Amino acid sequence: MSQKQWIAGINAVSAALEHDAEHVREVLIEAGAKNPRITEIESNARRLDIDVRRVATQALDGVVGNLRHQGVVARYAAAKTWNENELEALVEGAEGRALLLLLDGVQDPHNLGACLRSAAAAGATAVIIPKDKSVQVNATVRKTSAGAADSVAVIPVTNLARTMRDLQKLGVWLYGLAGEADTSLYSLDLKGNVGLVLGGEADGLRRLTRENCDQLVRIPMPGGDSVESLNVSVAAGVTLFEAVRQRA
């Protein structure tokens, strides 16, 4: 299943051409643009036999609205929409080293995009998000993720708590991040099948999500009361790369 949409910005379009060119239908470039990276995008697109058009800035603005496009956008048929029924195969395919990021109600597309970028860089098996009360992958998410939205499996699920229980049956240990938890992230063993569960910007982990975690943990913050909590995308990066460090 694919869906047509526009992606915007130098990094997002470059990543789409590099990793998933077969789904790029057309590239629009601002007339008169002289940025060397845009010139490279144009050359790569033409080499791949993708239509390229030079258009007025107003045309780009009309396509992506308020999104900052940096002089280049692409019409894109997203490669794959992942289904929650495919999650079991992804976990089993990881052969005991599945690394999952579960996001409970992230609302800001910039935060989701940054989380996806960290997840892709960490080699995560999948990112799981609820279908409701959570931002979905859109043009802003794609731009912020710098192409990562298309290189990591993003799986929207109908019922996050049920999905968590299903993952536990598959041997995935679920750790939820909570500032008041007693256990430090750095005391965990994150080398096996692991799901890292982070809450949304406003309320953190919801009650059912908390109850379905195997353990609640915290990221130690020596700064103490001067910082109430980390941004969800920062916390995701810290947590994912602690797992990467242990698995190296």
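Criteria and thresholds
For every chain, the first residue of its written sequence is number 1, and the numbers climb from 1 along that sequence. The model is predicted, so local features are restricted to residues of pLDDT at least 70 and side-chain atom pairs to those at 80 or more, both for listing and for counting; the totals for chains, interfaces and linings are taken over all residues. Excluding hydrogens and water, the side-chain values take into account all heavy atoms of the structure. In DSSP terms, a helix is any run of H or I states spanning at least four residues, a strand is any run of E spanning at least two, and both are numbered starting from the N terminus. Only C-alpha atoms enter the radius of gyration, while the globule expectation follows 2.2 Å times N to the 0.38, with N the number of residues. Partly exposed residues are those whose accessible area sits between 20% and 50% of the maximum for their type, while under 20% is buried and over 50% is exposed, using a 1.4 Å probe and protein chains only. It only takes one pair of heavy atoms within 4.5 Å for two residues to be counted as in contact. Methods summary: accessible areas were calculated by the Shrake-Rupley approach with a probe of 1.4 Å, and residue burial reflects only the protein chains presented. Under the convention used here, Asp and Glu are negative, Lys and Arg are positive, and both His and the chain ends fall outside the count. We put the charge of a Lys on NZ, of an Arg on CZ, of an Asp on CG and of a Glu on CD. The criterion is simple. A nonpolar core is a set of buried Ala, Val, Leu, Ile, Met, Phe, Trp, Tyr and Cys residues joined through side-chain atoms within 4.5 Å. UniProt positions are given in the numbering used here, feature names are shortened, and annotations may be inferred rather than shown by experiment. Simply put, an axis is a line fit to the C-alpha atoms, just over the touching stretch for a helix, and the angle between two N-to-C directions goes from 0 to 180 degrees. The labels follow the angle: roughly parallel below 35 degrees, roughly antiparallel above 145, roughly perpendicular from 65 to 115, and oblique for the rest. Charged means Asp, Glu, Lys or Arg here, nonpolar means Ala, Val, Leu, Ile, Met, Phe, Trp, Tyr, Cys or Pro, and polar covers whatever is left, Gly included.

A word on the overall build of the protein chain. If you tally the helices and strands in the protein chain, you get nine helices and 11 strands. Here the protein chain has a C-alpha radius of gyration of 19 Å; the compact-globule value for 248 residues is 18 Å, and the two agree. For the C-alpha atoms alone, the extent of the protein chain along its principal axes is close to 55 × 45 × 35 Å. The buried share of the protein chain, taken over its 248 residues, is 49%. The contacts in the protein chain between residues at least 6 apart in sequence include a share of 80% that link residues at least 24 apart. Carbon and sulfur atoms make up 47% of the accessible area of the protein chain, which amounts to about 12,000 Å² in all. A gap of 3 Å separates the mean positions of the 27 positive and 30 negative side-chain charges of the protein chain.

The next subject is the nonpolar core. By size, the foremost hydrophobic cluster in this structure holds 32 residues, and its most contacted members are Leu101, Leu103 and Leu198. Those elements that provide at least two residues to this core are strand E5 (99–104), helix H5 (109–121), strand E6 (126–130), strand E8 (173–177), strand E10 (194–199) and helix H9 (232–247). For this core, the element with the most residues is H9, which contributes five residues. Look past the residues within four positions of Leu198 in its chain and what remains in contact with it is Leu101, Leu102, Leu103, Asp104, Leu177, Leu205, Val232, Ala235 and Ala236.

This part is about the environment of Asn138. Here Asn138 lies in the loop between E6 and helix H6 (139–145). Here Asn138 falls in the partly exposed class, since its relative accessible area comes to 29%. Those residues in contact with Asn138 that sit more than four places away from it in its chain are Gln5 and Pro109.

For the rest of this paragraph, the subject is the UniProt feature "binding site: S-adenosyl-L-methionine" (unreviewed entry) in the protein chain. Mapped onto the present numbering, the UniProt feature "binding site: S-adenosyl-L-methionine" (unreviewed entry) falls on Gly199, Ile219 and Leu230. Annotated residues spanning 32 residues; largest pairwise C-alpha distance 13.6 Å, indicating a single compact cluster. You can see Ile219 is positioned in the loop between strand E11 (215–218) and H9. Sequence-distant contacts of Ile219, that is, excluding residues within four places in its chain, are made with Leu177, Leu185, Tyr186, Leu230, Ala235, Val238 and Thr239. Beyond its immediate sequence surroundings of up to four residues, Leu230 is in contact with Ile219, Met221 and Ala235.

All right, on to the packing of H5 against H9 then. The N-to-C vectors of H5 and H9 enclose an angle of 10°; their axes lie 8 Å apart at closest approach. Compared by their axis directions, H5 and H9 come out roughly parallel. Of H9, the residues touching H5 (which contributes Asn111, Ala114, Cys115, Ser118, Ala119 and Ala121) are Val232, Ser233, Ala236, Gly237, Leu240 and Phe241. Residues that form the contact of H5 with H9 fall into these classes: eight nonpolar, four polar and no charged.

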